[in-house]
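Structural overview for review
This is what each chain is made of:
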Amino acid sequence: MQQLTLFHDDNQEIEFQRLAANLASLMPMVRSSMNRVAEAHPLSRDLIADRMTDISRSSGVKLSRGNAKSVKTATLNKWLAPEDRDHPPSLQAVIAFVMATGDNSPLMPLLSALGLEVMTDQDKKLRDYGQAVIEAKKSQKEKKKLEAGLI
């Protein structure tokens, strides 16, 4: 049974459910992506964990809970297991992983959940070209107006 109010909005409820589903699936998707990156990466998980440790020590940022000063391979394995809900990586740990591997794909679920996408260099060129075409057309219209005033 659903309690309705005078201000009930089915569309708003559907949007909230969509947002909730996005949020609930976010961490498993990030972890799954991190796992795929680690599987395909030329470095072993031990070396990825070592790189993450070096990055965290250099930055002074702790990546795991407690007193741990380094990222252990066992911790990394827990972070990369999509079904493990008890050991989520922090946002800083995800970013350190991306820095250590050089692969941005684990960030894509985060961006997608917010309705954002990454522009490639080709996308930027096409955007800039489109803007230049629009500006050229505006200039052409302005030129025709000025010419009409001269005649």
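Our subject is the structure listed above.
A short tour of the structure in this document, coming up.

**Some details on the overall build of the protein chain**
Helix and strand counts for the protein chain stand at six helices and zero strands. Along the protein chain, helices (α) and strands (β) appear in the sequence α-α-α-α-α-α when read from the amino end. Against the globule reference of 15 Å for 151 residues, the protein chain gives a C-alpha radius of gyration of 24 Å, more extended than a compact globule. The buried share of the protein chain, taken over its 151 residues, is 22%. Long-range contacts, defined here as pairs at least 24 residues apart, represent 61% of the contacts in the protein chain between residues at least 6 apart. As displayed, the protein chain offers around 11200 Å² of accessible surface, 57% of which is attributable to carbon and sulfur atoms. One finds the centroid of the 21 positive side-chain charges in the protein chain at a distance of 5 Å from the centroid of its 19 negative side-chain charges.

**Notes on helix α3 (residues 73-80)**
The α-helix winds at 3.6 residues per turn, so residues separated by three or four positions along the chain end up facing the same way. Taken as a whole, α3 has its buried residues at L76, W79 and L80. Looking down the long axis of α3, one finds its buried residues gathered within 95 degrees of arc, a one-sided arrangement. Of the surrounding secondary structure, the elements contacted by the buried residues of α3 are α1 (10-40), α2 (45-59) and α4 (91-101).

**A look at the nonpolar core**
One broad trend across soluble globular proteins is that nonpolar side chains are buried collectively. Membership of the largest hydrophobic core comes to 18 residues, with the highest contact counts inside it found for I48, M52, L63, V71, L76, W79 and F97. Elements represented by at least two residues in this core include exactly α1, α2, α3 and α4.

**Description of the side chain of S70**
Inspection of the secondary structure assignment puts S70 in the loop between α2 and α3. On the accessibility criterion, S70 (17% relative accessible area) is buried. A distance of 3.2 Å separates the side chain of S70 from the side chain of K72, its partner in a polar contact. Every residue in contact with S70, bar those within four places of it in the chain, is listed here: T53, R57 and S64.

**Side note on a nonpolar patch on the surface**
Together, L91, I95 and M99 make up a nonpolar patch on the protein surface, roughly 300 Å² of accessible area in all. With respect to the helices, strands and loops of the structure, I95 is situated in helix α4. The partly exposed category is assigned to I95, whose relative accessible area is 34%.

**Quick notes on the pattern of salt bridges**
Pairs can form between side chains of opposite charge whenever their charged atoms are close. Applying the stated rule across the entire model yields three salt bridges. The partner of E15 in a salt bridge is R18, with the nearest N and O atoms 2.5 Å apart. With a gap of three residues between them, E15 and R18 both fall in helix α1, about one helical turn apart. Judged by relative accessible area, E15 falls into the partly exposed class, the value being 34%. The class for R18 is partly exposed, based on a relative accessible area of 41%. Here R127 ties to D128 by a salt bridge, and the two come within 2.9 Å at their closest N and O atoms.

The rules behind each value
Residues numbered from 1 in each chain as written. Predicted model: local features only at pLDDT ≥ 70, side-chain atom pairs only at ≥ 80, totals over all residues. Heavy atoms only, no water. Helix = DSSP H or I, 4+ residues; strand = E, 2+ residues; numbered from the N terminus. Rg over C-alpha atoms; globule rule 2.2 N^0.38 Å. Buried < 20%, exposed > 50% of the residue type's maximum accessible area, 1.4 Å probe, protein only. Contact = heavy atoms within 4.5 Å. Areas by Shrake-Rupley, 256 points an atom, 1.4 Å probe, with all protein chains shown as cover. Lys, Arg positive; Asp, Glu negative; His and termini not counted. Charge placed at Lys NZ, Arg CZ, Asp CG, Glu CD. Arc of directions from axis to C-beta. Core = buried A, V, L, I, M, F, W, Y, C linked by side-chain atoms within 4.5 Å. Polar contact = N/O pair within 3.5 Å; in protein donor to acceptor, adjacent residues only side chain to side chain. Patch = residues over 30% accessible without salt bridge, like charges linked within 9 Å, V, L, I, M, F, W, Y side chains within 5 Å. Salt bridge = Lys/Arg side-chain N within 4 Å of Asp/Glu carboxyl O.

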